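Structural overview for review
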There are 2 protein chains.
Amino acid sequence: MTASPFTTLERELGAVVGAQHVSPPAISDLEDATRWTGLRGNADAVVRPGNAEQVAAAVRWCYDHDMPITVRGGGTGLSGGAVPEGGIVLSLERLNRIRTMEPEWWRCEVEAGVTTEALQRRVREAGLRYPPDPGAGEVSHIGGNLATNAGGPHAFGHGVTRAWVLGVEAVLAPGELVHLGGPTRKDVAGYDLTSLLVGSEGTLGVITAAWLRLIPPPGAEQTVIGLFPSLASAQAGIGGALTCGAVPVALELLDGGALQDAGATLPVQDAAAEWSHLTDPTHAAVLIAHLEGDLAEATAARGDALVDTWQEAGATWTAVPSAASSSALATWRDSVSGAVAARRGGKLSEDVAVPTDRVAELLEGSAAIARRHGLEHAAWGHAGDGNLHCSFLLDPTSPERRAQAADAADELFSLAIALGGTISGEHGLGRLKSGHLSAQWDPAAVAAHQAIKAALDPKGLLNPGRKVA
Amino acid sequence: MTASPFTTLERELGAVVGAQHVSPPAISDLEDATRWTGLRGNADAVVRPGNAEQVAAAVRWCYDHDMPITVRGGGTGLSGGAVPEGGIVLSLERLNRIRTMEPEWWRCEVEAGVTTEALQRRVREAGLRYPPDPGAGEVSHIGGNLATNAGGPHAFGHGVTRAWVLGVEAVLAPGELVHLGGPTRKDVAGYDLTSLLVGSEGTLGVITAAWLRLIPPPGAEQTVIGLFPSLASAQAGIGGALTCGAVPVALELLDGGALQDAGATLPVQDAAAEWSHLTDPTHAAVLIAHLEGDLAEATAARGDALVDTWQEAGATWTAVPSAASSSALATWRDSVSGAVAARRGGKLSEDVAVPTDRVAELLEGSAAIARRHGLEHAAWGHAGDGNLHCSFLLDPTSPERRAQAADAADELFSLAIALGGTISGEHGLGRLKSGHLSAQWDPAAVAAHQAIKAALDPKGLLNPGRKVA
C-alpha cells in the first residue's frame, strides 16, 4: 500500500518546516478574491515555512520532486494567482516580522507575510509613510503586493509598489536564497532582477522579504469631489485635473453603476454639502481627487482651482469635504468592490488600463460589451492612471452567467488593447487572464517573456499556469 | 584579394542604412568619458541608422554574421560602456525626434538619440518637467540615460530614470522591433521587460525610443548650503536633512578634495553670505540641499529648519543662496567632475553607493585607499542616495598611475560591498567594472543574471564585454 500524497508530503516537508506546519488544504487555501467568479483550485497540502531558509529548503524539495508550488500571501488577489492547480500551497503567513524599522533613514525591511496594514501602521507610528495603498490592506500581504506590483489610488502620484522597493530577498529555483539590493537606495550593478521579480506573480522566484523606501507624510491634504452628467464631461474633468495646477496624487472615478451599489452606504456628512446628490441616478460618473501639499491654505487653494476646473468641465455638483469626511470617503471608496459584487452575488472584475485620455471610451465600450452579453455593468478605479475596474455582475452559481462574463471579459481585453492599453494595470494575469498577453505584445516580446521564465524556472514549477503569455 | 572588413560592412550595412551612413570610426567613436583613464577601443565601422526599423535590420544583419555590436549614444558614460571592442559601433544619433509631446496628459515619446537637454528644454517650454538630471545633459542621449538607468542629483527625491519610463520601443535579438508599454501609466500584464532593458547597458536589446512620464514643475524652490568641519558632522548633517522636516529632493556632497579643485570657480555672489568660506582648506565637506514646495514662504521655512539642523550638527557656515545664485550653484556643481580631472590630467572616478547612514565611512575609507596607493583623492556626489563619486586622480599618460588607480578601485568596490552597498549606483558596469558583480551578489543571483543574458542574447553580440557578472 503506497502512502497518500498528503502523508508523503507531511513526512518529507514536515522534516523541513516542522510537521505541524504541513496540513491538508482548507477551502480558504484553495480560493482567493476571485471566489466571486466561482474559481476554486486543488492542492495536496499547505506548507507554512517559518523563515526564508525554510522557504528555500521547501522549494528545493519541490524542485527535486517535480512538485508544483503555488505561493500564497493574503489571498486577496483578483486574478486567481493564489488558486492552486495541484501540488502544494506554499503559505508565507509565518514570515510576518518587520525585521528593521529605520525611520531616520527612510527605510525598513519587512518579511513577505506582514499585512499591508500592519506595515502601514508601524510606519505611521514611526512618523513616516509607505504610500502604496492597494485595496484589502488588512488582509493582503506585502509579499503579495510585491508579487503583483500592486497599485492603488495613490499610485497616480506616488507610483506603484515597485517604486518603493529598494531590494528583495528571494528564493530562486532550484531553491537558492538570494539578496538583490538592500538598504542602499541606488544600484545598477546587475540586471534589475528586483523589478523582474516584482510583478512576476511568483512565477520566477519566491520573495521572502524586502527593503522598502519610506517618506515623510504630507503637511496638508485636501479631497475634492465632483459629479459629472456624462462620461465625456468626466473625461474633461480628468484632463482638467492634470492641467489646472491642482496636481492631485490620487484621482479616482466611480461610474453610475458603481454608485448605484455603493451610494447608499456613503458615510459622509458635511453641513456645507448636499451629499444626497451622489445617489441621483442621472449622473454618469463621480471623480474624487486627493491633493497633498506643504500647507493647508495652499493645498486648499489648489482644491478650489480644481473645483473651478470641474465646474467648467460640466460638473453638476462639487464638494470639498472636511478632513473627517475625506477620511470616511476613502474608507467607503475601499468598500465599492464588495458593494458591487453584492448586487448579484458575484462579479467578474477586470483591471484594464488605457492612456489617461481614453478613459471615457473605455467606460462606454465596457458598458456596451456588458449590454451585448445581457450583463449588468459597473466600473470604478484609478482614472488618473487610466486603470478602471470594469466589472460584469453575475450570479456565481450560474455557469451560463459565468461563461457570458468570460466572453465579455475577452472583448474588454481587446478593447483595452485597441485603445493602446493593457489587459492588466494592477492585478496581473493570474489564472484568469493567462494566455492573453499574446494579444497585447509583439511576438518577439512574448518570446522574451517565455525565455525568461524558462531561464529562471526551467521545470516550470513556480506558480504554474500563472502569468502565461 | 578579399575585401577589407570596412568595405564589406559599407556594402552590406550600407544597403540597410544608406552607404553615406556607414563610415570608418573616428577617434571620438572609440572613446567615451572614460578617456580620462586612457581607455580607447577599436571597431571596423560606425553605422548610423535613421529609424527604428533600420536599427532592427542592422542588428539582424549583425546577428546573422556574428558581428559584435557596440551601441553608442552621446558617449558621456563613465564606465566604458560605449567603448567598442571590435565589430561595429551602432550610433543612434540620427534617431533624434521627439515623436510626441502631450503636456496635457503628462507624457511624451522620444527617440533614443535626443539629447537629455533637448528633451528637458522642450518639456520646460511645454510647462512641465522631466526630473532626471544626470550630468552632461547637453551631450548625453535619452537612450544612454535609459541604457544605464541614469541617476543624478534629483534622483534622491524623484527617483532614477526608470521611474519616468512608461514604456520602450526596442530591438531584441536577432533583430526584432518590439513595443513594451506605451502611453499607458500602469501595466503588469507581462514581466517587467522595460525595467530589465533599462539599466542593462544595451546588453539585452537596443532601446530605440521611449514613452516618458512628465510632471508639473514645483511652485517654489530653495537651496541650502552648509560647510562641515568633519565627515562625522557631515554625516550628521545628512541624517538631519532627512529628519528635520525639510524633505529635500536633492542632497549633494563635495568633500575637501573636490572643493579644492572646484572651489576657485564658484560663481555665486550674495551680499548676505561670505562665499569665500568655501575655499577654506580646513573643512571636510560641503552639503547642498535642494528643496521644492508649493509656496515660496513655506519652502523657505523648511530651508530655515534645515539651516538650524545643520548648525546643530556642527556646520561652521551655512547659507541660503538667492534664486540666481542657486541656479549658478547647480551649474557649477555640474562642472566638478571636469575640475577634479584637470588637477592631474585624468582620474578614475567610480560611483559606488552605500546605505545613506554610511557615507562618512565610505569617504574615509576611500581617502585611506588613495593614500595607501600614493594617489590624490576627491569625492562628491549624491549624499542623500549614498552614491558618491570617489575618484583617484592620475596622469593618464602614466601606465603606473593607471595601474595604481585600478588597484585602488578594486579596494573601493570591496569597501562599498562591505558597507552593504553596491559597486555602481548610476554609471553601470560598462567595461571598467565588468566582472565585479560576482563579488557583490550571491552566486545564484549571478547565475540568474547570466541566464537572462543567455536567454535574450544567445550569441552574446550585444555590447559584448559590458555588464559581465
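Residues numbered from 1 in each chain as written. Chains lettered and ligands numbered in written order. Predicted model: local features only at pLDDT ≥ 70, side-chain atom pairs only at ≥ 80, totals over all residues. Heavy atoms only, no water.

Regarding the sheet that holds strand β6 (residues 107–111) of chain B
The strands making up a sheet associate through hydrogen bonds between their backbones, and the pairing can be parallel or antiparallel. Residues and elements named next belong to chain B. Spatially, five strands are ordered β5-β6-β9-β7-β8 in an open sheet, and the strand pairing comes out antiparallel. Two strands bound the open sheet, and with one partner strand each, they are β5 (98–102) and β8 (176–181). Here the strands of the sheet are splayed against their neighbours by 15 degrees on average, with no regard to which way each runs. Across four bridges, the pairing between β5 and β6 is antiparallel. By the bridge assignment, E102 is partnered in β6 with R107. The strands that helix α2 (residues 52–64) touches are β5, β7 (165–172), β8 and β9 (206–213); relative to β7, the one it contacts most, it runs at about 40 degrees. Sitting on the sheet, helix α3 (residues 116–125) is in contact with β5, β6 and β9, with an inclination near 30 degrees to β5. (Pairing = 2+ DSSP bridges. Helix = DSSP H or I, 4+ residues; strand = E, 2+ residues; numbered from the N terminus. Axes fitted to C-alpha atoms, helices over the stretch in contact; angles between N-to-C directions. Contact = heavy atoms within 4.5 Å.)

Section: the sheet that holds strand β3 (residues 69–72) of chain B
Residue and element names in this part refer to chain B. With respect to topology, four strands assemble into an open sheet ordered β1-β2-β4-β3, the strand pairing being mixed. Each end of this open sheet is capped by a strand with a single partner; those strands are β1 (22–23) and β3. As paired strands, strand β2 (residues 45–47) and strand β4 (residues 88–91) are joined by three bridges and run parallel to one another. From the neighbouring strand, A45 faces β4, where its bridge partner is I88. Helix-sheet contacts for α2 involve β3 and β4, and the interaxial angle to β4 is about 165 degrees.

Let's talk about the packing of helix α7 (residues 231–243) of chain A against helix α9 (residues 296–312) of chain A
Residues and elements named next belong to chain A. Closest axis-to-axis distance for the α7/α9 pair is 9 Å, and the angle between their directions is 150 degrees. Here α7 and α9 pass one another in a crossing that is right-handed. In this structure, α7 contributes G237, G240 and A241 to the contact, and α9 contributes L306, T309 and W310. Split into classes, the residues belonging to the contact of α7 with α9 amount to three nonpolar, three polar and no charged. (Left-handed = near helix turned anticlockwise from the far one by under 90°. Nonpolar A, V, L, I, M, F, W, Y, C, P; charged D, E, K, R; others polar.)

A closer look at unusual backbone geometry
Backbone torsion omega between A173 of chain A and P174 of chain A reads 5 degrees, so that peptide bond is classified as cis. When you line up the elements, P174 of chain A lands in the loop between β7 (165–172) and β8 (176–181). Positive phi outside glycine occurs at N463 of chain A, with the angle close to 45 degrees. The exposure class of N463 of chain A is buried, given its relative accessible area of 3%. Positive phi is not limited to glycine here, since W106 of chain B has a value of about 55 degrees. A relative accessible area of 4% places W106 of chain B in the buried class. (Buried < 20%, exposed > 50% of the residue type's maximum accessible area, 1.4 Å probe, protein only.)

Here's the deal with the relation of the copies chain A and chain B
Superposition record for chain A on chain B: RMSD 0.0 Å, screw rotation 180 degrees, translation along axis 0.0 Å. Taken together, the turn and the small shift mark the pair as related by a two-fold rotation axis. Residue by residue, 100% of the interface of chain A is reproduced at the interface of chain B, so both copies engage with the same surface. (Least-squares fit on C-alpha atoms with pLDDT ≥ 70 in both.)

Topic: the interface of chain A and chain B
Listed as interface residues are 80 residues of chain A and, on the opposing side, 80 residues of chain B. Buried area between chain A and chain B, both sides added, is near 6200 Å², and the carbon and sulfur share of it is 65%. Together, K186, V188 and Y191 of chain A form the three largest contributors to the area buried by chain A at its contact with chain B, with a combined 16%. Linking chain A with chain B are eight salt bridges. Between D385 of chain A and R185 of chain B there is a salt bridge, with its nearest N and O atoms 2.7 Å apart. (Buried area = accessible area lost by both parts, 1.4 Å probe. Salt bridge = Lys/Arg side-chain N within 4 Å of Asp/Glu carboxyl O.)

Section: the pattern of salt bridges
Residues and elements named next belong to chain A. Counted according to the given criterion, the structure contains 60 salt bridges over all chains. Across the pair E31 and R35 runs a salt bridge, and its minimum N-O distance is 3.2 Å. For R35, a relative accessible area of 40% puts it in the partly exposed group. Note that R124 is salt-bridged to E117, the shortest N-O span being 3.0 Å. E117 gets classed as buried once you look at its relative accessible area, which sits at 17%.

Brief notes about the confidence of the model for chain A
The share of residues in chain A with pLDDT of 70 or more is 99%, and the mean pLDDT across the chain is 95. Predicted as a complex, the structure gets a pTM of 0.97 and an ipTM equal to 0.96. (pLDDT = per-residue confidence, 0-100.)

Digging into the side chain of D261 of chain B
Structurally, the position occupied by D261 of chain B is in helix α8 (residues 256–262). Contact partners of D261 of chain B, with chain neighbours within four places excluded, come to A339, V340, R343 and L393 of chain B.

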